[in-house]
Amino acid sequence: MSGVRRRTSPRDSAPARPPIRFGDDPLLWASWLYYQEGMTQGEIAEEMGASRPTVNAYLADARARGIVNIAISSEHMRSVTLARALEDQFGLESCLVVPSHGGARSLIDKVGHAAAGILPMMVHSGDTLAITWGRTMLSMAQAARLDGLRDVTVVQATGGTTAKIPYSPESCATRLADNIGARCVPISAPAIVSSAQARNMLVQEPVIAEQLTYLSRLDRVVFGVSSLRPNSTIHSSGFFDSALQQHDFYVSAVGSLAGQFMDAQGAPVTGPLSDRFIGLSLDELRRVPSRMLVAAGVDKVQPILASLRGGYVTTLVIDSDTAAGILRTLDVRLSRYISSSRDKPDTPPDETTEAPTRNLVKKFLNDPRDVVNEAMEGALAAFPDHIMAIDDSVRAIGARTPRPQGKVGVVIGGGAGHEPAFLGFVGQGLADAVAVGNVFASPPPDRILTCTRFADQGAGVLYVYGNYTGDVMNFDMASDLAAAEGINVRTIRTTDDVASSGFEDRDARRGTAGNVFVFKVAGAASARMEPLAEVERLTRKANAACHTIGVALEPCSMPETRRPSFVLGAQDLEFGVGVHGEPGVQRQKLAAADRIMDEVCDQLFTAMKLGTGQRVAVLVNSLGGTPMIELMVLNRRLQQRLNACGAQAHMTLVGHYCTSLDMVGASITLMALDEELAALLDAPCDGFAWTRNAVMKQA
Amino acid sequence: MAQIDKHFFADVFHLATARLEDSRQMLCRLDGEIGDGDHGTSMANGFAAIDRVLRGHPDAEPPEMLRLAAQAFLAEVGATVGPLYASAFLEVAALLDARGPLPLREFGAVLSACATGIAQRGKAQPGDKTMLDVWLPAAQAAHRAARDDLPPARMATLTRNAAETARDETAALMSTRGRAARLQERSIGHLDPGAVSSAVIIGAICDIVAERAT
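Owing to the predicted nature of the structure, the values given are computational and were not obtained by experimental measurement. (Residues numbered from 1 in each chain as written. Chains lettered and ligands numbered in written order. Predicted model: local features only at pLDDT ≥ 70, side-chain atom pairs only at ≥ 80, totals over all residues. Heavy atoms only, no water.)

Asker: A description of the overall build of chain A should follow, citing residues and the corresponding values.
Answerer: Counting its regular elements, chain A contains 23 helices and 24 strands. Expressed as a percentage of the 699 residues in chain A, the buried residues total 54%. Long-range pairs, those at least 24 residues apart, make up 71% of the contacts in chain A between residues at least 6 apart in sequence. As displayed, chain A has an accessible area near 30200 Å², and 52% of this comes from carbon and sulfur atoms. (Helix = DSSP H or I, 4+ residues; strand = E, 2+ residues; numbered from the N terminus. Buried < 20%, exposed > 50% of the residue type's maximum accessible area, 1.4 Å probe, protein only. Contact = heavy atoms within 4.5 Å. Areas by Shrake-Rupley, 256 points an atom, 1.4 Å probe, with all protein chains shown as cover.)

Given below as structure tokens:
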């Protein structure tokens, strides 16, 4: 600690008085100097004019009386808690959990190095130790250092592989043996050979037979586990390439351990490879006295759990997120959901107890199953100049405005619950028709087809809708049906939700409030009588220019359940929410509006590489429960940030545009504009949720 | 030997409808944790629509029944499950067109056809934490039980158990499909609602198999 400063207190032998701020409390004074100023006990004794033993007693007393609390950083504390829980749950001898986050090392290296760190406690002179293969094993082997041991033997746990991977069985064993001064015993055969016959011949070869005997007298084994997920290294390992083609056979396998497959309970899954395998069998592995599994990554929750259930592990080294995932998984009981259901109370309903209805959200409802139809009837009655029912259902809704021959039709749609989206964006200069699904559920293909026929004026139809699994399937089916009727359909899936992409690409993102701008551009382009390919191009460009982030303060509640769709603590907000009441990408502490907006801006500006001179369209959108006044507060900070960045808001919309029922929260959409897109946004339009007259703007 | 005939399908749809209605709130609650909370509504309303349509066509033969079911379910719910179950039912219809009435002990073929329809439409892989993660192992368990020449009641028990185990296993998986994919690792520790409703439907199929076997 650099800030050690000498006080100018008199250095006579009489005890010095503490500075006033310590309130005459020597314990507090001593603690401050020790823990805050970093002084030694000797220095403190001098400063206080007391003996060292006295200072020592002060410090002990300070802890006993709670003046000083020793806190372990919450991330490390969590690791210890998780480790204890896993030890208890699976009767492990020991478990080491390393924090998943923080530090410069990769996740694999974190657990690899941690495992290397406990090898000295595990390996002793005279031991025979086997190691499997993989990235984690290699990382551990590279970090391992052991001095002063004698007669240690490291054995390759399985035969080798032909693939050119740095973490092959051969390299893992060799590296570990080198680094701990052990003798290395390879297995001079492939892990998987071409036939059972070949295997039986090979294991009788004197050299190989001799090597294999080591595997039957192991004291320790260190192993990794791999998932069978598409991103797993097992697919590039050269071990099973042909076998995984026959994945049908291994459908119950959830992971691979020492080159063999196991099911979710850890039982070996036998198949065509089983009698062609050379190495430590799962049964033999389980008989080794000390067995350490080293694994990292939440995609391995299932195979790690299988290894634990199968009794393969005595010592576990794992990262904290994965450990937490395992414990959450164990905690899941379907009965939890059934027992918490109050729809069929076990006890007769009692008029005097309010408890069962307390957590129900109040709503204006008749029969909740009728909510969408009734809402559409209400909308049709409210806006007869804008929208009309296309057929006798009220779920296929078209624009009142004339549709000239040769105009490209624009069909939008999605689930209900986003009002005024999507039907508020049907009208002149906007969409021609909208298909309305159930709450948060895609409309079915036949309804979309009805809208398609209505919108088609011989020039083809463009579908514009949010990129959700259900919508994609239903609209694609409708598109096939329309094609069979000779209607040319093109599709744009909106993908403006920045937070939903994760590490995936833009195509995996969802469509949220940015829909509004994309609909507008599609409608304006079609109103100009552009051909289908041009309308499609402009709409695609509009989608690529839109970036949205949503923040929720309270969850929404479905009409049928009237219960919050997820639970958000009193001081929490959910960052990166979509528009379906689904939880967001990250839970955070509630903060001042400007600070929340700053984080939104940081992410949006970065995502769209916003810079000086850039023109943008802005949409500050309520997710349903947030009032206009708060949206305006958000917009204030947003415009400040745009100014600071040198960007200019060409157009700003503030209000309820694309909601998520009664969710409290807001989404911010920025659309990067060039001349072409700006002109299309400026064009007049007339939907009941967005009316824009021809503007006379100075250039 | 009992057959997979039109009474079999009528009973299955009827029982599944009742069970899904009972599970409506539970499925919505599960879906709310990692999705958008509408799964119970979609499944219960969708099967209710099937049941209604089938009661209006008492003379329909099995392939026709399954086409009606596909149409009714899809038109009622849309959503994600609409196309998936519609494809599953159409695949079963195609199977019955090709093979005619099946003996009861081949109900694994019906489960496999459902799995195929779902996989083709949804493009999910095993382990993606979807309903496929229940349909596939259940179908496999039924086929294995048939190979082992077990009596149909025992086959039904093993298949139901496999479906329930697979359902619980989805908690260990990370969502990569649908709305839950947004949660990434936060989805671990939650059951997949589509897997839970799949186990309900498979449970109904198994119960009818067991009932007809006696």
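Now, onward.
Asker: Tell me what's going on with the overall build of chain B, and back it up with residues and numbers.
Answerer: A tally of helices and strands in chain B yields eight helices and two strands. Sequence-ordered secondary structure for chain B, helices as α and strands as β, is β-α-α-α-α-β-α-α-α-α. Since a compact globule built from 214 residues should have a radius of gyration of about 17 Å, the 16 Å found for chain B is in line with a globular shape. Considering chain B as a whole, with its 214 residues, one finds that 64% of them fall into the buried category. Looking at chain B alone, contacts between residues at least 24 apart form 72% of all its contacts between residues at least 6 apart. A total of about 7200 Å² of accessible surface is found on chain B, and carbon and sulfur atoms cover 52% of it. Of the side chains in chain B, 22 bear a positive and 27 a negative charge, and the two mean positions are spaced by 2 Å. (Rg over C-alpha atoms; globule rule 2.2 N^0.38 Å. Lys, Arg positive; Asp, Glu negative; His and termini not counted. Charge placed at Lys NZ, Arg CZ, Asp CG, Glu CD.)

Asker: So what's going on with the confidence of the model for chain B? Which residues, and what values?
Answerer: For chain B, mean pLDDT is 91; residues scoring 70 or higher make up 96% of the total. For this predicted complex, the interface confidence reaches an ipTM of 0.81, while the overall pTM sits at 0.73. (pLDDT = per-residue confidence, 0-100.)

Asker: Residue-level account of the interface of chain B and chain A, with values.
Answerer: Often, the extent of an interface is quoted as the loss of accessible area upon association of its parts. Counting residues at the interface gives 53 residues for chain B and 67 residues for chain A. Note that E169(B) and R309(A) form a salt bridge whose closest N and O atoms lie 2.7 Å from each other. The tally of links between chain B and chain A comes to nine residue pairs in polar contact (both at pLDDT 80 or more). Of all the secondary structure elements, the ones that give two or more residues to the side of chain B that touches chain A are helix 1 (6-34), helix 2 (39-55), helix 3 (62-77), helix 4 (81-99), helix 5 (107-122), helix 6 (132-147) and helix 7 (152-169) of chain B. The element contributing the most residues to the side of chain B that touches chain A is helix 1 of chain B, with ten residues. (Salt bridge = Lys/Arg side-chain N within 4 Å of Asp/Glu carboxyl O. Polar contact = N/O pair within 3.5 Å; in protein donor to acceptor, adjacent residues only side chain to side chain.)

Asker: Tell me what's going on with the pattern of salt bridges, and back it up with residues and numbers.
Answerer: Close approach of charged atoms allows side chains with opposite charge to pair. What the rule picks out here adds up to 40 salt bridges over all chains. Note that R537(A) and E676(A) form a salt bridge whose closest N and O atoms lie 2.8 Å from each other. Of this pair, R537(A) sits in helix 20 (residues 532-545) while E676(A) sits in helix 23 (residues 675-682), and the two are 139 residues apart along the sequence. Using a relative accessible area of 25% as the deciding quantity, one classes E676(A) as partly exposed. The residue R24(B) makes a salt bridge to E21(B) at a minimum N-O spacing of 3.0 Å. Of the two residues, R24(B) and E21(B) are both situated in helix 1; the distance of three residues between them amounts to about one turn of the helix. Judged by relative accessible area, which is 32%, E21(B) ranks as partly exposed. The network of salt bridges with shared partners includes E534(A), R537(A), K541(A), D674(A) and E676(A).

Asker: Quick one: what's the story with the environment of E419(A), residue by residue and with numbers?
Answerer: All names here are of chain A. The residue E419 is located in the loop between strand 13 (409-416) and strand 14 (433-439) in this model. Each C-alpha atom, one on E419 and one on H656, is 8.1 Å from the other, the two residues being 237 residues apart in sequence. The contacts of E419, once residues within four sequence positions are left out, are M376 and T659. Engagement of the side chain of E419 in a polar contact is seen with the backbone nitrogen of G417, the distance being 2.9 Å.

Asker: I'd like a description of empty space enclosed by the protein, backed by residues and values.
Answerer: All names here are of chain A. Enumeration according to the criterion identifies six cavities of 30 Å³ or more in this entry. Of the voids in this model, the second largest cavity is the one considered here, and its volume is about 190 Å³. Lining the second largest cavity are 18 residues, and of these W133, G134, G224, V225 and S226 lie nearest its centre. Elements represented by at least two residues in the lining of the second largest cavity include exactly helix 6 (135-143), strand 6 (225-227) and strand 7 (253-257). Counting residues per element, the lining of the second largest cavity draws most heavily on helix 6, which supplies three residues. Residues that form the lining of the second largest cavity fall into these classes: eight nonpolar, eight polar and two charged. (1 Å grid on protein atoms, 1.4 Å probe; cavity = no way out; pocket = protein on both sides within 12 Å on 5 of 7 lines; lining within 4 Å. Points joined across faces, edges and corners; volume = space filled by probe spheres on them. Nonpolar A, V, L, I, M, F, W, Y, C, P; charged D, E, K, R; others polar.)

Asker: I'd like to hear about unusual backbone geometry, residue by residue, with values.
Answerer: All names here are of chain A. Omega for the peptide link from E419 to P420 comes to 10 degrees, which places this bond in the cis form. Topologically, P420 is positioned in the loop between strand 13 and strand 14. Non-glycine residue D151 carries a positive phi angle of around 55 degrees. The residue D151 is located in the loop between helix 6 and strand 3 (153-156) in this model.

Asker: So what's going on with the confidence of the model for chain A? Residues and values would help.
Answerer: All names here are of chain A. Taken over all residues, the pLDDT of chain A has a mean of 87, while the share at 70 or more is 89%. In the predicted structure, residues 1-12 sits below a pLDDT of 50 and forms 18 contacts with residues beyond four places in sequence or in another chain. Note on residues 339-358: pLDDT under 50 across the span, and eight contacts to partners over four residues away in sequence or across chains.

Asker: Give me the lowdown on the pairing of strand 10 (residues 315-319) of chain A, citing residues and values where you can.
Answerer: All names here are of chain A. In terms of residue burial, strand 10 counts as a mostly covered element, since five of its five residues are buried. Burial along strand 10 is two-sided: the residues T315, V317 and D319 and L316 and I318 are all buried. One ladder, built from three bridges, connects strand 9 (residues 290-294) with strand 10; its direction is parallel. Paired with M292 across the two strands is T315, which belongs to strand 10. Once you follow strand 9 into helix 12 (residues 301-309) and on to strand 10, the crossover reads as right-handed. (Pairing = 2+ DSSP bridges. Right-handed = clockwise from strand over helix to strand, strands pointing away.)

Asker: Requested: an account of the packing of aromatic side chains, with residues and values cited.
Answerer: In total, this model carries 20 aromatic pairs over all chains according to the counting rule given. Plain terms: the ring middles of F383(A) and F688(A) are 3.8 Å apart, the flat faces sit at 0 degrees to each other, and that makes the pair stacked. You can see F383(A) sitting in the loop between helix 16 (371-382) and strand 11 (387-389) and its partner F688(A) sitting in the loop between strand 23 (685-687) and strand 24 (690-692), a full 305 residues away along the chain. Among the aromatic residues, those joined into a ring-pair cluster are F13(B), F47(B), F73(B), Y85(B), F89(B) and W135(B). Of note, R403(A) hangs over the ring of F454(A), and the distance from its end group to the ring centre comes to 3.7 Å. Taking the ring centre of W690(A) as reference, the NZ or CZ of K520(A) above it sits at 5.9 Å. (Phe/Tyr/Trp six-rings, centres within 6.5 Å; stacked < 30°, edge-to-face > 60°. Lys NZ or Arg CZ within 6 Å of the ring centre and 35° of its normal.)

Asker: Kindly report on a negative patch on the surface, identifying the contributing residues and their values.
Answerer: A cluster of like negative charges, contributed by D367(A), D370(A), E374(A) and E377(A), occupies part of the molecular surface. Within the secondary structure, D367(A) sits in the loop between helix 15 (355-358) and helix 16. (Patch = residues over 30% accessible without salt bridge, like charges linked within 9 Å, V, L, I, M, F, W, Y side chains within 5 Å.)

Asker: Break down the sheet that holds strand 11 of chain A for me, with residues and values.
Answerer: All names here are of chain A. Strand order in the open sheet formed by six strands is 11-12-14-13-15-16, with mixed pairing between adjacent strands. Two strands in the sheet have a free side with no partner beyond their single neighbour: strand 11 and strand 16 (489-494). Across the sheet, the mean angle separating the axes of adjacent strands is 25 degrees when strand polarity is ignored. In the packing of helix 19 (residues 515-527) onto the sheet, contacts are made with strand 13, strand 15 (461-466) and strand 16, and the angle to strand 15 comes to roughly 170 degrees. (Axes fitted to C-alpha atoms, helices over the stretch in contact; angles between N-to-C directions.)

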